[in-house]
Amino acid sequence: MKATKLLTTASIGALMLGMSSAALADTWRYAHEEYEGDVQDVFAQAFKQYVEDNSDHSVQVYRFGELGESDDIMEQTQNGILQFVNQSPGFTGALIPSAQIFFIPYLLPTDEETVLEFFDESKAINEMFPELYAEHGLTLLQMYPEGEMVVTADEPVTSPEGFDNKKIRTMTNPLLAETYRAFGATPTPMAWGEVYGGLQTGIIDGQENPIFWIESGGLYEVSPNLIFTGHGWFTTAMMANSDFFEGLSDEDKQLVQDATDAAYDTTIEHIQGLSEESLAKIQEASDEVTVTRLDEEQIQAFRDRAPQVEEKFIEMTGETGQELLDQFKADLEAVQSKAE
């Protein structure tokens, strides 16, 4: 599947035109970054269903490209054109530097059960992040993981030396660029809509995404070597425009929170086993795909380079970032201790 950017003056105009009647019709507009059936779409559709089943309101969901790319839909949410947005901290990091914490490699474990428990119980996630988002006119309703990050490249890679001179696509996120620089690669920021073509033409040599996104976006067709480095999880966040949310009645605020909780439960159930299912689809679709799973010794060579990324995070975010990182680590330790 090849992404195309479909943002037009007409589409924005249609949104603006509809705003005058939205208050009467109680139609809420919600945009996310993924395709039909992908994780963010599962969340959005579950949210929509709950709202429409339990109120007279309706929710219009816009998928990737229908209103532009990630930067576009965030701007539209901050301006009140959209009421809700689902966006990865990978893009939000330019707006909220501390959100880049998810790109410190090997900070999160690879064990799915531990990761899910961390998101449920973390003080950093559930108390500190909402305050950071609120400073930018955004009400953070839910953060959640989508899947383990997997690298694809033009050849299998098993060591940092294997990334030498390889141009790896990154989101427009300074810390993610620092991660791949630490890994030995040349980070190459690129809009998502350009990634398939960039891989196909050799402008870039690889990229990273959860395996379901590699499958649904068809990236394995042009970047067939899958590398499981165990360095992180793709995380996303569902937010509301704060002025909109604060203007809701108490009843509607509760409706939104209940719909968010229901969507979260649906989505967490959906992602369990999704990586294995997506990998099976990829392998069935292409004989050219290779799968490289790094062993502990190979992973350690990458993990040894993580501290320099952590140092860069603190340099970028200062005292706020240090406090968040300390809490993040304390929360992880608490969850991991319970599991032992």
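Preceding this section is the structure that the text describes.
A quick note: this is a predicted structure, and the numbers were derived from the prediction, not measured.

Chemist: How would you sum up the pairing of strand E3 (residues 84-87)? Please name residues and give values.
Modeler: Burial of the side chains of E3 extends over both faces: Phe84 and Asn86 are buried on one face and Val85 and Gln87 on the other. Relative to E3, strand E1 (residues 27-31) runs parallel, the two being bridged by 2 bridges. In the sheet register, Tyr30 faces E3, and the bridge partner there is Phe84. Judged from the 4 bridges that link them, E3 and strand E9 (residues 233-241) form a sheet pairing that is antiparallel. Note on E9: the bridge partner recorded for Asn86 is Met238.

Chemist: Which residues make up the packing of helix H2 (residues 39-53) against helix H11 (residues 250-271), and what values go with them?
Modeler: Across the interface, H2 lies against H11 with an axial gap of 8 Å and an inter-helix angle of 140°. Classified by the interaxial angle, the pair formed by H2 and H11 is oblique. Pair H2 / H11 crosses with right-handed handedness. Residues Val39, Val42, Phe43, Ala46, Phe47, Tyr50 and Val51 of H2 touch H11, and the partners they reach there are Leu255, Val256, Asp258, Ala259, Thr260, Ala262, Ala263, Tyr264, Thr266, Thr267, His270 and Ile271. By residue class, the composition of the contact of H2 with H11 is 14 nonpolar, 4 polar and 1 charged.

Chemist: Explain the packing of aromatic side chains to me, and be specific about the residues and the numbers.
Modeler: Following the criterion strictly, the structure yields 21 aromatic pairs and no others. Between Tyr35 and Phe64, the aromatic rings sit 5.8 Å apart at their centres with planes inclined by 75°, giving edge-to-face as the arrangement. Placement of Tyr35 in the loop between E1 and H2 and of Phe64 in the loop between strand E2 (58-62) and helix H3 (70-78) is noted, with a sequence separation of 29 residues between them. Taken as a pair, Tyr35 and Phe64 share a single burial class, namely buried. Clustering of aromatic rings is evident, with ring pairs tying together Phe102, Phe118, Phe119, Phe129, Tyr133 and Phe328. Cation over ring: Arg293 sits above Phe228, and NZ or CZ is 4.1 Å from the ring centre.

Chemist: Would you mind going over helix H12 (residues 274-285) in detail, with residue names and values included?
Modeler: Since the α-helix advances by 3.6 residues per turn, residues separated by three or four positions end up pointing in the same direction. The terminal C-alpha atoms of H12, which comprises 12 residues, lie 16 Å apart, in line with the 16 Å expected from a rise of 1.5 Å per residue. All of the buried residues along H12 are Leu274, Ser278, Leu279 and Ile282. Here the buried residues of H12 occupy an arc of 130° about the axis, which is enough to place them on one side. Away from its buried face, by an angle of more than 90 degrees, H12 presents the exposed residues Glu276 and Glu284. Check the buried side of H12 and you find it contacts H2, helix H9 (211-216), strand E8 (225-228), H11 and strand E10 (290-293).

Chemist: Give a description of the nonpolar core that names residues and reports values.
Modeler: It is characteristic of soluble globular proteins that their nonpolar side chains tend to be buried jointly. With 105 residues, the main nonpolar core has Phe47, Phe84, Ile101, Phe102, Phe129, Tyr133 and Phe328 as its most contacted residues. A per-element tally of this core places strand E4 (residues 138-153) first, with 9 residues. Once you skip the residues sitting within four places of it in the chain, Phe84 turns out to touch Trp28, Arg29, Tyr30, Ala31, Phe47, Thr77, Leu141, Met238, Met239, Ala240, Phe244 and Val256.

About the thresholds
Residues numbered from 1 in each chain as written. Predicted model: local features only at pLDDT ≥ 70, side-chain atom pairs only at ≥ 80, totals over all residues. Heavy atoms only, no water. Buried < 20%, exposed > 50% of the residue type's maximum accessible area, 1.4 Å probe, protein only. Helix = DSSP H or I, 4+ residues; strand = E, 2+ residues; numbered from the N terminus. Pairing = 2+ DSSP bridges. Axes fitted to C-alpha atoms, helices over the stretch in contact; angles between N-to-C directions. Parallel < 35°, antiparallel > 145°, perpendicular 65-115°, else oblique. Left-handed = near helix turned anticlockwise from the far one by under 90°. Contact = heavy atoms within 4.5 Å. Nonpolar A, V, L, I, M, F, W, Y, C, P; charged D, E, K, R; others polar. Phe/Tyr/Trp six-rings, centres within 6.5 Å; stacked < 30°, edge-to-face > 60°. Lys NZ or Arg CZ within 6 Å of the ring centre and 35° of its normal. Expected span 1.5 Å × (residues − 1). Arc of directions from axis to C-beta. Core = buried A, V, L, I, M, F, W, Y, C linked by side-chain atoms within 4.5 Å.

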